[in-house]
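Next come the chains, spelled out residue by residue.
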Amino acid sequence: MYNIENIRKDFPILSRKVNGNPLVYFDNAATSQTPQQVIDCIVDYYSNYNANIHRGVHSLSQEATDKYEQARKTIQQHFNAKHTHEIIFTSGTTHGINLVANGFSSLLKKEDEIIVSALEHHSNIVPWQMLCNSTGTTLRVIPMNDQGELVISEFDKLLSTNTKLVFVNHISNALGTINPIKYIIEKAHQVGAAVLIDGAQACPHIKTDVQELDVDFYVASAHKMCGPTGIGMLYGKEEWLKKLPPYQGGGEMIAEVTFEKTTYADLPHKFEAGTPNICGGIAFGTALDYMNTVGFDTIAAYENDLLQYATKKLLEIGGLKIYGTSKQKTSVISFNLEGIHPYDVGTILDKLGIAVRTGHHCAQPIMDFYKIPGTVRASFAFYNTKAEIDALVEGVKKAKMMLS
Ligand SMILES: *Cc1c(COP(=O)(O)O)cnc(C)c1O
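Residues numbered from 1 in each chain as written. Predicted model: local features only at pLDDT ≥ 70, side-chain atom pairs only at ≥ 80, totals over all residues. Heavy atoms only, no water.

K.L.:
Which parts of the structure should I look at to understand the site of the ligand?
P.N.:
For the ligand, the full set of nearby residues is Thr-93, Thr-94, His-121, Ser-123, Asn-173, Asp-198, Ala-200, Gln-201, Ser-221, His-223 and Lys-224. Between the ligand and His-223, the relevant distance is 2.8 Å, taken from an oxygen atom to a side-chain nitrogen or oxygen of the residue. Here the ligand has 380 Å² of accessible area as a free molecule, and 86% of this is covered by the chains. (Near = heavy atom within 4 Å. Polar contact = N/O pair within 3.5 Å; in protein donor to acceptor, adjacent residues only side chain to side chain. Areas by Shrake-Rupley, 256 points an atom, 1.4 Å probe, with all protein chains shown as cover.)

K.L.:
Can you help me understand helix 2 (residues 36–49) in this one?
P.N.:
An α-helix turns once every 3.6 residues. As a result, residues three or four positions apart point the same way. Look at helix 2: 19 Å from first C-alpha to last across 14 residues, which is about the 20 Å you get at 1.5 Å a residue. Every buried residue belonging to helix 2 is among Val-38, Cys-41, Tyr-45 and Tyr-49, and all of these are buried. Seen along its axis, helix 2 keeps its buried residues to an arc of 65°; they face one direction. More than 90 degrees from the buried face of helix 2, the exposed residues found are Tyr-46 and Ser-47. (Helix = DSSP H or I, 4+ residues; strand = E, 2+ residues; numbered from the N terminus. Expected span 1.5 Å × (residues − 1). Buried < 20%, exposed > 50% of the residue type's maximum accessible area, 1.4 Å probe, protein only. Arc of directions from axis to C-beta.)

K.L.:
Just to check I follow, could you spell out the pairing of strand 6 (residues 138–142) for this structure?
P.N.:
Regular strands place side chains that alternate from one sheet face to the opposite one. Sheet topology note: the strand 5 (residues 113–117)/strand 6 ladder contains 5 bridges and is parallel. In the sheet register, Val-116 faces strand 6, and the bridge partner there is Val-141. Note that the unit made of strand 5, helix 5 (residues 126–135) and strand 6 has a crossover that is right-handed. (Pairing = 2+ DSSP bridges. Right-handed = clockwise from strand over helix to strand, strands pointing away.)

K.L.:
Is there a simple way to think about the nonpolar core in this case?
P.N.:
The nonpolar side chains of a soluble globular protein tend to be buried with one another. Judged by nonpolar contacts, the single largest core of 103 residues is most densely connected at Val-166, Tyr-218 and Phe-382. In terms of residues, this core owes the most to one element, helix 10 (residues 278–294), which gives 10 residues. Looking at which domains feed residues into this core, each of domain 1 (4–30 + 295–403) and domain 2 (39–293) supplies at least three. Those residues in contact with Val-166, other than ones at most four positions away along the chain, are Ile-115, Phe-155, Leu-159, Ile-184, Ala-188, Ala-193, Ala-194, Val-195 and Leu-196. Core analysis: the next-biggest nonpolar cluster, separate from the first, contains 24 residues, Leu-131, Leu-165, Ala-194 and Leu-244 among them. (Core = buried A, V, L, I, M, F, W, Y, C linked by side-chain atoms within 4.5 Å. Domains from an automatic or database assignment. Contact = heavy atoms within 4.5 Å.)

K.L.:
Please clarify how the side chain of Gln-76 should be interpreted in this entry.
P.N.:
For Gln-76, the location among the structural elements is in helix 3 (residues 59–79). For Gln-76, the contacting residues outside a window of four places in its chain are Ala-81, Lys-82, His-83, Thr-84 and Ile-87.

K.L.:
What should I look at first to understand the sheet that holds strand 7 (residues 163–169) in this one?
P.N.:
Sheets are built from strands paired through backbone hydrogen bonds, the pairs being either parallel or antiparallel. Strand order in the open sheet formed by 7 strands is 4-10-9-8-7-5-6, with mixed pairing between adjacent strands. Either end of the sheet is taken by a strand with one partner, and the two such strands are strand 4 (87–90) and strand 6. The average angle at which neighbouring strand axes cross in this sheet is 20°, direction not considered. Pairing analysis gives 5 bridges linking strand 7 to strand 8 (residues 194–198), with the strands arranged parallel. Bridge assignment links Asn-169 to a residue of strand 8, and that residue is Asp-198. Those strands touched by helix 7 (residues 181–190) are strand 7 and strand 8, and its axis lies near 160° from that of strand 8. (Axes fitted to C-alpha atoms, helices over the stretch in contact; angles between N-to-C directions.)

K.L.:
How should I be thinking about the pattern of salt bridges in this particular structure?
P.N.:
If charged atoms from side chains of opposite charge come close, those side chains can pair. Evaluation of the coordinates by the stated rule reveals 14 salt bridges. Across the pair Arg-72 and Glu-272 runs a salt bridge, and its minimum N-O distance is 2.9 Å. One end of the pair, Arg-72, is in helix 3; the other, Glu-272, is in the loop between strand 12 (262–264) and helix 10, with 200 residues separating them in the sequence. In this structure Arg-72 comes out as buried when scored by relative accessible area, which is 2%. A relative accessible area of 6% places Glu-272 in the buried class. Residue Glu-113 pairs with Arg-140 through a salt bridge whose shortest N-O separation is 3.1 Å. A residue pair is termed long-range when its members are at least 10 positions apart, and Glu-113 in strand 5 and Arg-140 in strand 6 qualify at 27 residues. For Arg-140, a relative accessible area of 31% gives the class partly exposed. Through salt bridges with shared partners, a single network forms among Glu-69, Arg-72 and Glu-272. (Salt bridge = Lys/Arg side-chain N within 4 Å of Asp/Glu carboxyl O.)

Note that all results are geometric; they support no functional claim without further evidence.
Structure, rendered in structure tokens:
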């Protein structure tokens, strides 16, 4: 039996007040909250074994290196990568995407094509535009429908032997839609294209098996799954990571340096120039351990229950419209009140201690599709409750009364 009260005790921030009201944190799609276990891990690192890794002969450096590499192993096992050296530590999803885009800039030709989806986060659009500008490669977009789903029949038409790369998010951060990535990966491979999946929004809800998906690259951020900010991971198939040139030059990523020539270090260090976020990497591992202890099946079932409950309750409010109504979606609700700006709703909710996101959610093309300036987005995590959803519903009713 899922004990929500015990889970909530793990998150100290959930007992604070905001503007005189108990905090209701519904901005989980932007960043998740941090359990005591991860906070303790961070304190432990700086209190007991803070040292640079992979360099020192001294004990502290050894300890820090061992813990950092152990975290890499935890990440490898969680995503079921074949090798630990296929896991590259990054500063987050954005960094991972840029690393791959930069690598491909030397592999692409003018007649090549890249396919992205209409549901992408800006961090999954802009790097490809930059890449296409520098290589002359064409960017094609899989369109979306009213439910906020990708029109997969159009994807089939866009694919050709010119397609070299396909980039899609696993789950849309703005609408919560779960995309059919297994199908997309299979189809892309049939024409010889590589696939990068942005898993930032999927990782807090779903346990992903990169070998089962046969995906070429998969990226994620720790801060969306109970870890700290500024750390994330790039999974890449060994053959691809060997093919891509390094992203940044510096210490840690070299085997030998003279002024004539530098040879690069083996994977994963080839892509990890400079002193990394050591503490963050270790805490990322602890966050994964924490979430696996709660259990991803339990998390998915509980969050789906919250989603169904909140959807039903919110739709009882007259003039409220939900954007993104795919049957395959996670616990994200993007909505607007008729004739009222999302920002105004968000401001009133904040006065009541309820944290939601308002705006375009780094996904402007989706807002353009619906011809709206933005939405109010409430996104739920496994530590939220139905009582909190009731508070949101009351808050939205209050906002509607005050603003209409
Ligand atoms: C949050 C998010 C990103 C960006 O993650 P960063 O941690 O800011 O790099 C990219 N894509 C999706 C779908 C996201 O939800």
